[in-house]
Amino acid sequence: MEAFVINGAKKLEGEVTLHGAKNSALPILTASLLIKGTSVIHNCPDLTDVRNTLDILTGLGCKVSYNGETAVIDSTVVDINTISRFQTKKMRSSILFLGALLGRLKSGEIYLPGGCKIGERPVDLHLDSLSRLGADIICDGEKLSFFANKLEGEEIKLDFPSVGATENIMIAAVLSSSTTTIINAAREPEISDLADFLNKAGARVRGAGEYVIKIEGVKSLHSVEHTVIPDRILASTYMSICASAKGSILIKNVRLSHLTPIIPVFYSLGCRMNAGADILQIISKHRPKSVENITTKPYPYFPTDSQPMLSAVLCTAKGKSSITESIFENRFIYANGLKALGADVYEKDNTLYINGVKRLYGARVKATDLRGAAALVTAALGAKGRTVIENIAYIDRGYESLEKGLSSLGADIKRFEYEEGYKEN
């Protein structure tokens, strides 16, 4: 297993470039299964979730190549419609292969997905929506078996603007026999990126990024080349790290419009920012200010994926802060790690209450999920002393060589191998 060793309280200076968005790359790679041709995906980040998705595509019969920046998927021939339990349990986004296999082969068998344990995250919306398109889906509690004579367009109103459900419907409906309308669709930038990819391949998707999306079914899709949008959650991670450790970071390859819900929060913390066409400089020189309650909500509100890193910053803010989580019921699982570093935090119902302390101190902690792991890195970089963060495999699911980017800014962070149960001297 691997861990980070971080010697904190070092001001960070320099510039970093955002890699492609994990939450865009995964549905786009999955949707490439629909194309009887070749998909060339640029700015595809080298993450374990990406490589797992490519492994699934290979297992289904696709020819795949990947150089760590560009993925090429030739899905001309797809002759297998089952995905193993081992593969689907590795990540949450494997559920999107339900829509992709229905769209391409009209049948298949996958297991219920895995991923970070930050909440129940039921797939009911996915199953109900795809059933309305004409799929027969049987769930035995662990495995999903599905079949459709054909997929027909339907009006589907989501009870909640689920990103995954919206993506699954879009992917399945592209090759349906008529028009599908999604009401109360997710509006995240990654939804628009998926639609752009599909439309370049010949799909007819309108309204992505809005409340209503219409997908007019087409008979086939053709080969396509696409560049994944920058990762807005990675941008918010670097912003939080700067606010925690202090210094000045220039973030390049930014889509400022994607950060609209995030930037005002960092102004409230007392950070200064300078923006250009595709750059954002964040400067933090003083102890953060506390903020009134922030509630995570679907886009265009403050994102749940940025919440843990912001919590880490608020641990040393002057005064009391609180963050309410409205998306995942177990998102504050990382809070015990912050407490080990000296944070004064407690959870009640779905709110994390934070009493700011002057300083955090290094400790040995264990990551429990992807963004929780990023929160521990954020806190450790601002803490005094040495922190060891175990289970950083979670980090590699969503951040490409994070330690290299941080080292280039002057952070003292190293990755090392350890045996389960090891103890420091």
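Here the structure is shown first, and the text comes after it.
All values derive from a computational prediction rather than experimental measurement.

Trainee: Outline the overall build of the protein chain, listing residues and values.
Mentor: Each helix and strand in the protein chain was counted, giving 14 helices and 23 strands. The C-alpha radius of gyration computed for the protein chain amounts to 21 Å, which stays within 12% of the reference 22 Å derived for 425 residues, consistent with globular compactness. If one aligns the C-alpha atoms of the protein chain with their principal axes, the spans along those axes are about 65 × 45 × 40 Å. Counting contacts in the protein chain only where the partners sit at least 6 residues apart, residues at least 24 apart contribute 73% of the total. Total accessible area on the protein chain stands at roughly 16,900 Å², and carbon and sulfur atoms take up 47% of it. Both charge centroids of the protein chain, one from 50 positive and one from 47 negative side chains, sit 6 Å from each other.

Trainee: Account for the pairing of strand 19 (residues 344–348), with residues named and values stated.
Mentor: Pairing of strand 19 with strand 20 (residues 351–355) involves 5 bridges; the strand directions are antiparallel. Across the sheet, the residue bridging to Tyr346 is Tyr353, located in strand 20. In this antiparallel pair of consecutive strands, strand 19 and strand 20, the connection spans 2 residues, and Asp349 shows a positive phi of 55°.

Trainee: Summarise the pattern of salt bridges; cite the residues concerned and give the values.
Mentor: Scanning the model with the defined rule gives 17 salt bridges in all. Put simply, Glu216 and Arg204 hold a salt bridge, and the shortest N to O gap is 3.1 Å. Taken together, the residues span a long stretch of sequence, with Glu216 in strand 12 (residues 212–216) and Arg204 in strand 11 (residues 204–206) at a distance of 12 residues. For Glu216, a relative accessible area of 32% corresponds to the partly exposed category. Judged by its relative accessible area of 47%, Arg204 is partly exposed.

Trainee: Help me get a handle on helix 8 (residues 232–245), residues and values and all.
Mentor: With 14 residues, helix 8 should cover 20 Å at 1.5 Å per step; its first-to-last C-alpha distance of 20 Å lies within 8% of that length. Across the 14 residues that make up helix 8, a large majority, 14, are buried. Structurally, the start of helix 8 carries an N-cap: the backbone nitrogen of Ile233 is 2.9 Å from a side-chain oxygen of Asp231. Note on helix 8: the residue one or two positions beyond its end, Lys246, has a positive phi of about 80°.

Trainee: Summarise unusual backbone geometry; cite the residues concerned and give the values.
Mentor: The linkage connecting Tyr299 with the following residue, Pro300, adopts the cis geometry, with an omega of 20°. The topology assignment puts Pro300 in the loop between strand 17 (294–296) and helix 10 (307–314). The phi dihedral of Asn43 falls on the positive side, at around 55°, and the residue is not glycine. The topology assignment puts Asn43 in the loop between strand 3 (38–42) and helix 2 (48–59). Look at Lys246: it is not a glycine, yet its phi comes out positive at around 80°.

Trainee: I'd like to hear about the sheet that holds strand 19, residue by residue, with values.
Mentor: Spatial strand order, 17-18-20-19: 4 strands in an open sheet with mixed pairing. Two strands lie at the open edges of the sheet, namely strand 17 and strand 19, each paired on one side alone. Strand after strand, the sheet turns through a mean of 20° between neighbouring axes, direction not considered. The strands that helix 10 touches are strand 17, strand 18 (320–325) and strand 20; relative to strand 18, the one it contacts most, it runs at about 170°.

Trainee: For the sheet that holds strand 12, give the residues involved together with the corresponding values.
Mentor: Across a sheet, paired strands are connected by hydrogen bonds in the backbone, their directions being either parallel or antiparallel. With mixed pairing, 4 strands are arranged side by side in an open sheet as 9-10-12-11. The sheet is open, and its two borders are formed by strand 9 (155–157) and strand 11, each paired with just one other strand. Taken over all neighbouring pairs, the strand axes of this sheet differ in orientation by 15° on average, direction set aside. By the bridge criterion, 5 bridges tie strand 10 (residues 179–183) to strand 12 in an arrangement that is antiparallel. Looking at strand 12, one finds that Thr181 is bridged to Lys214. Along the sheet face, helix 6 (residues 163–173) touches strand 9, strand 10, strand 11 and strand 12 and points at about 175° away from the line of strand 10.

Cut-offs used in this document
Residues numbered from 1 in each chain as written. Predicted model: local features only at pLDDT ≥ 70, side-chain atom pairs only at ≥ 80, totals over all residues. Heavy atoms only, no water. Helix = DSSP H or I, 4+ residues; strand = E, 2+ residues; numbered from the N terminus. Rg over C-alpha atoms; globule rule 2.2 N^0.38 Å. Contact = heavy atoms within 4.5 Å. Areas by Shrake-Rupley, 256 points an atom, 1.4 Å probe, with all protein chains shown as cover. Lys, Arg positive; Asp, Glu negative; His and termini not counted. Charge placed at Lys NZ, Arg CZ, Asp CG, Glu CD. Pairing = 2+ DSSP bridges. Salt bridge = Lys/Arg side-chain N within 4 Å of Asp/Glu carboxyl O. Buried < 20%, exposed > 50% of the residue type's maximum accessible area, 1.4 Å probe, protein only. Expected span 1.5 Å × (residues − 1). Polar contact = N/O pair within 3.5 Å; in protein donor to acceptor, adjacent residues only side chain to side chain. Axes fitted to C-alpha atoms, helices over the stretch in contact; angles between N-to-C directions.

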